[in-house]
Every structure is written in C-alpha cells, then in structure tokens.
Amino acid sequence: MEKKLSFSEVLKKYTMVIVLVLVVIMFTANTKGVMLLPQNVNNLVAQNAYVFILATGMLFCILTGGNIDLSVGSVVCFVAAVGGKMMVLNNMNPYLTMLVMLITGIAIGAWQGFWIAYVRIPPFIVTLAGMLAFRGLSNVVLQGQTLAPMPDSYLALFNNYIPDFVGKEGFNVTCFVVGIIVCIVYVALVMKNRADRAKKGYSVEAFGGTAVKMVLICAVVLAFMFRLAQYKGIPNSLVWVAVIIAIYTYIASKTTTGRYFYAVGGNEKATKLSGIDTNKVYFLAYLNMGLLAAIAGMVTMARLNSSNPQAGTNFEMDAIGSCFIGGASAYGGTGTVPGVIIGALLMGVLNLGMSIMGIDQNIQKVVKGLVLLAAVIFDVVSKRKSFIVK
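So, a few notes on the structure that sits alongside this text. No experiment lies behind these values; they were computed from the predicted model shown.

1. Points about the overall build of the protein
Okay, step 1: Tallying secondary structure elements over the protein gives 16 helices and two strands in all.
Okay, step 2: Whereas a compact globule of 390 residues would reach a radius of gyration of roughly 21 Å, the protein reaches 21 Å, a difference of no more than 12%.
Okay, step 3: Based on the C-alpha atoms only, the size of the protein along its principal axes is roughly 65 × 60 × 40 Å.
Okay, step 4: Out of the 390 residues belonging to the protein, those deemed buried represent 45%.

Spelled out as structure tokens, the structure:
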C-alpha cells in the first residue's frame, strides 16, 4: 500500500537535507564558485573525515538515552600520542603500531563502558573525567612535544589516492566510474527494500516521491565524484569513512543488536523487562566509541603528519553537534547513520565556507553554536507537538 506524505511531513523529514543544499548554494554564491572547486571538495572530505567517524560512534551513545561521550577528542590525542611515540621514537612497524592503537582505543572504551553500564555512574561524569585524564596522559606520553614526521608507509594508508586505472590526464575516470556504480547499487537497494516491504503488506512511500529522492541523491553523488575526479580522484580517507558508514548503517538498520540501541533509548525499563541486557547495550556503545576514536586518531595523525598535545581539541563538540543536527533525538531512541552524515556534512560545509570567506574564528563558533541550538529546538518542539496531537 502506497502512502503519500503531506508537504509538512516531507519538509519535516528532509529539513536538514534542504538546509544543507541552501547553505551550499549560499556559500557558492558568496565565494563566486570557489566553494565548489575540485580541491575544496577534496578538502571537505580530508578535513572532516574524523567528524564522520566520531559522529557515527557518538550516534550509538546518544541512541541509548541522549547520552554523550565528552572524552573522544582526548582519546584521539592519546591514541595518536601512543602511535607517534612507537613509530617516530621507537621506529616500530606501522601495522603493529596501528594494532596497538586500536587495542588502546578499545581498552579505553571498555574502561569507560564498565563504569557507565555496570556501576551506573552517569556518562557525563565518566567521560568528563576521561576528557581530563586522557588529555593529561597525552602530554605525559609526548612530554609536551610534537612528534613528526610519520613513516611514508603509514601516511600512504590515509593520505594517498586510489589510482586511476584508465590513466586519463586531468580527469580520474576510475573515480567517476565508482560514483556510477555507487548510484546503481543505491537504486537497486532502495527498490529491493521497497519491494520487500510491499510484499509483507507494509505501507511504502509513493513511488513518485521515492523516484525523486533517488534522482536527487544520485545527482549529488555523481556531481561530488565528478569534482573529485577533476582533482586527484578518491582519497583513501574517503574509503575509510565509506566503509565505516556502510558497516554501521547495516548494524543500525538490519541487525538485532542495532535495534537494541533504539529500544533502550525509547524505554529502558520496558526493554529490560523484555529480556534484553541493557547493561550490555550501554557497554557496547562506549566500547564501540573507543574503537572509532582510535580510528579517528589514526586519520588525524596521518593528516597532520604528527602527534601533538593539541590534537583532537573540540572533536567531541563536532561529533555531538553533527548527531543532533542530523536528526538524533536529545532524548535518545531516534536517529540514523545517514542523518548523522548529513549533519557532519553541514558542519563541514559551514567550516569550509566560512574559512574561504575569511570569517573570524570566533564568529564561526557562534554560527555553529546557533545551528546546533536550532536543531535541538526543532527536535524538542516537533516532539512536543506530536505528543499533543496524540
């Protein structure tokens, strides 16, 4: 059975997508097209890879009831400090170092998850303590110094580009072909999901609306890949981000474990009475956050080509802001990985656009703060209206 959405429902569902498009148009006009130059499109990915990674993990913390992790920026710095000391000072193998960095992040996530899940200390307190402790430990490991440069074999994993197998001068054909393949796979998955829902008797969105959405998304993907192809092609950092997004989108939407996070955020008591181990869900959320913070630490260290005591500063704010701007509820139980990516893109576009325009750093913070507040106000007010209607 097809279900037609009213204009107000469409507006509510795609508010942040519309805002993102309008912001891109505004900055493109104000910068006379500089915003969408191939190199700037590439910079949007390179400079914000850590936001996509951390925001994906932060979503699962927020789903459990609006909880957040304030320590991720400090964990990124600490993991990078450990990696930098191993590779720069001790000349250790980059792959062994990466394994140690991952284990370090997982151990930190398990440490914080234990106190939150099983001792029931509020996440705000535990992660605030972690923010202070791991920032301090980073300085202890680095002794206040910056360690650089990183081995070329390590940098190549994150900073290089996927080679063009066609070899056309000035245009990376492989990059654009990948964009076409992504669009074909996306359309196939949407149509399959629609057919499966219709077969089971569930309501589905009217085909016209679905078709328009697919055309718009494919157009954006192709335009994005076309711009990247005009520069150097697909950066390795984008591959890391894409793999993480794909994995966590699947976990959140297609697995039982993913459903548990939504259930705990929706009603923890009812979830517990249904036989689900809610403590384990909390623990997994913060364990996972530690893992992704370690990966973000690797990406950040490669991009900076150094480990320094200031790395990761305010990363937690970018991740939290991306989640709420992307539609995650301040109360938990609501939010999607694609929504969070839209939020992260909006944050990235704001950063890049305002930097190109030469807007003062302090004003940039004001703008991002107001955007975040507006997103949360929209969430709270819309939920209140829904409650009143019911």
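Still more ground to cover, so stick around.
2. Re the pattern of salt bridges
Okay, step 1: Summed over the entire model, instances satisfying the criterion amount to three salt bridges.
Okay, step 2: The partner of glutamate 268 in a salt bridge is arginine 120, with the nearest N and O atoms 3.0 Å apart. Residue glutamate 268 is located in helix 12 (residues 268-273), and its partner arginine 120 is located in the loop between helix 5 (94-117) and helix 6 (123-142); the two are separated by 148 residues in the primary sequence.
Okay, step 3: Residue class for glutamate 268 comes out partly exposed when judged on its relative accessible area of 25%.
Okay, step 4: Under the relative-accessibility criterion, arginine 120 is labelled partly exposed at 39%.
Okay, step 5: Among the salt bridges present, the one from aspartate 318 reaches lysine 368, with a minimum N-O distance of 3.9 Å. In this pair, aspartate 318 is assigned in helix 14 (residues 315-325) and lysine 368 in helix 16 (residues 361-389), connecting sequence segments 50 residues apart. There is no split in this pair, since aspartate 318 and lysine 368 are both buried.

3. Some details on the nonpolar core
Okay, step 1: Counting 68 residues, the largest nonpolar core has Ile53, Leu54, Met58, Tyr154 and Cys323 as the members making the most contacts within it.
Okay, step 2: Among the elements that make up this core, the one with the highest residue count is helix 13 (residues 278-304) (15 residues).
Okay, step 3: What cysteine 323 contacts, discounting residues up to four positions off in sequence, is Ala55, Met58, Leu59, Ile62, Ala328 and Val340.
Okay, step 4: Counting 13 residues, the second-largest nonpolar core is a separate cluster that includes Leu44, Met347, Leu352 and Ala375.

4. Here's the deal with a nonpolar patch on the surface
Okay, step 1: Among the surface-exposed residues, Phe114, Tyr118, Val119, Ile121, Phe124 and Ile125 lie close enough to one another that they form a single nonpolar patch of about 530 Å² accessible area.
Okay, step 2: When you line up the elements, phenylalanine 114 lands in helix 5.

5. Here we look at the packing of helix 3 (residues 38-63) against helix 9 (residues 207-230)
Okay, step 1: Axis separation between helix 3 and helix 9 bottoms out at 8 Å; the angle between their running directions is 110 degrees. In terms of orientation, helix 3 and helix 9 fall into the roughly perpendicular class. For the pair helix 3 and helix 9, the contacting residues are Pro38, Val41, Asn42 and Val45 in the first and Phe224, Arg227, Leu228 and Gln230 in the second.
Okay, step 2: Its residues assigned to classes, the contact of helix 3 with helix 9 comprises five nonpolar, two polar and one charged.

6. Some thoughts on the side chain of serine 237
Okay, step 1: Counting through the fold element by element, serine 237 comes out in helix 10 (residues 236-254).
Okay, step 2: Look past the residues within four positions of serine 237 in its chain and what remains in contact with it is Val45, Ala46, Ala49 and Phe158.

Definitions and cut-offs
Here the residue numbering is sequential within each chain, running from 1 through the sequence in written order. A pLDDT threshold of at least 70 governs which residues receive local features in this predicted model, and a stricter bar of 80 or more applies before side-chain atom pairs are shown or counted, although totals over entire chains, interfaces and linings include all residues. In computing side-chain properties, one takes all heavy atoms of the structure into account and sets aside hydrogens as well as water. Helix and strand assignments come from DSSP, with helices taken as H or I runs of at least 4 residues and strands as E runs of at least 2, each series counted from the N terminus. The size measure is the radius of gyration over C-alpha atoms, and the globule rule it meets is 2.2 Å times the number of residues to the 0.38 power. We call a residue buried when its accessible area falls under 20% of the maximum for its residue type, exposed when it is over 50%, and partly exposed in between, using a 1.4 Å probe and counting protein chains only. We define a salt bridge as a contact between a side-chain nitrogen of Lys or Arg and a carboxyl oxygen of Asp or Glu at a distance within 4 Å. Note on terminology: a nonpolar core comprises buried Ala, Val, Leu, Ile, Met, Phe, Trp, Tyr and Cys residues joined through side-chain atoms within 4.5 Å. Any pair of residues with heavy atoms lying within 4.5 Å of one another is described as a contacting pair. Patch building starts from residues that exceed 30% relative accessible area and form no salt bridge, then joins like charges within 9 Å and nonpolar side chains (Val, Leu, Ile, Met, Phe, Trp, Tyr) within 5 Å. Each accessible area is a Shrake-Rupley estimate made with a 1.4 Å probe; only the visible protein chains count as cover when residues are assessed. The axes used here are C-alpha line fits, helices contributing only the stretch in contact, and every angle between their N-to-C directions lies in the interval 0 to 180 degrees. If an angle is under 35 degrees, it is roughly parallel; if it is over 145, roughly antiparallel; if it lies from 65 to 115, roughly perpendicular; otherwise it is oblique. Any residue outside Ala, Val, Leu, Ile, Met, Phe, Trp, Tyr, Cys, Pro, Asp, Glu, Lys and Arg is labelled polar, Gly included; the first ten of those are nonpolar and the last four are charged.

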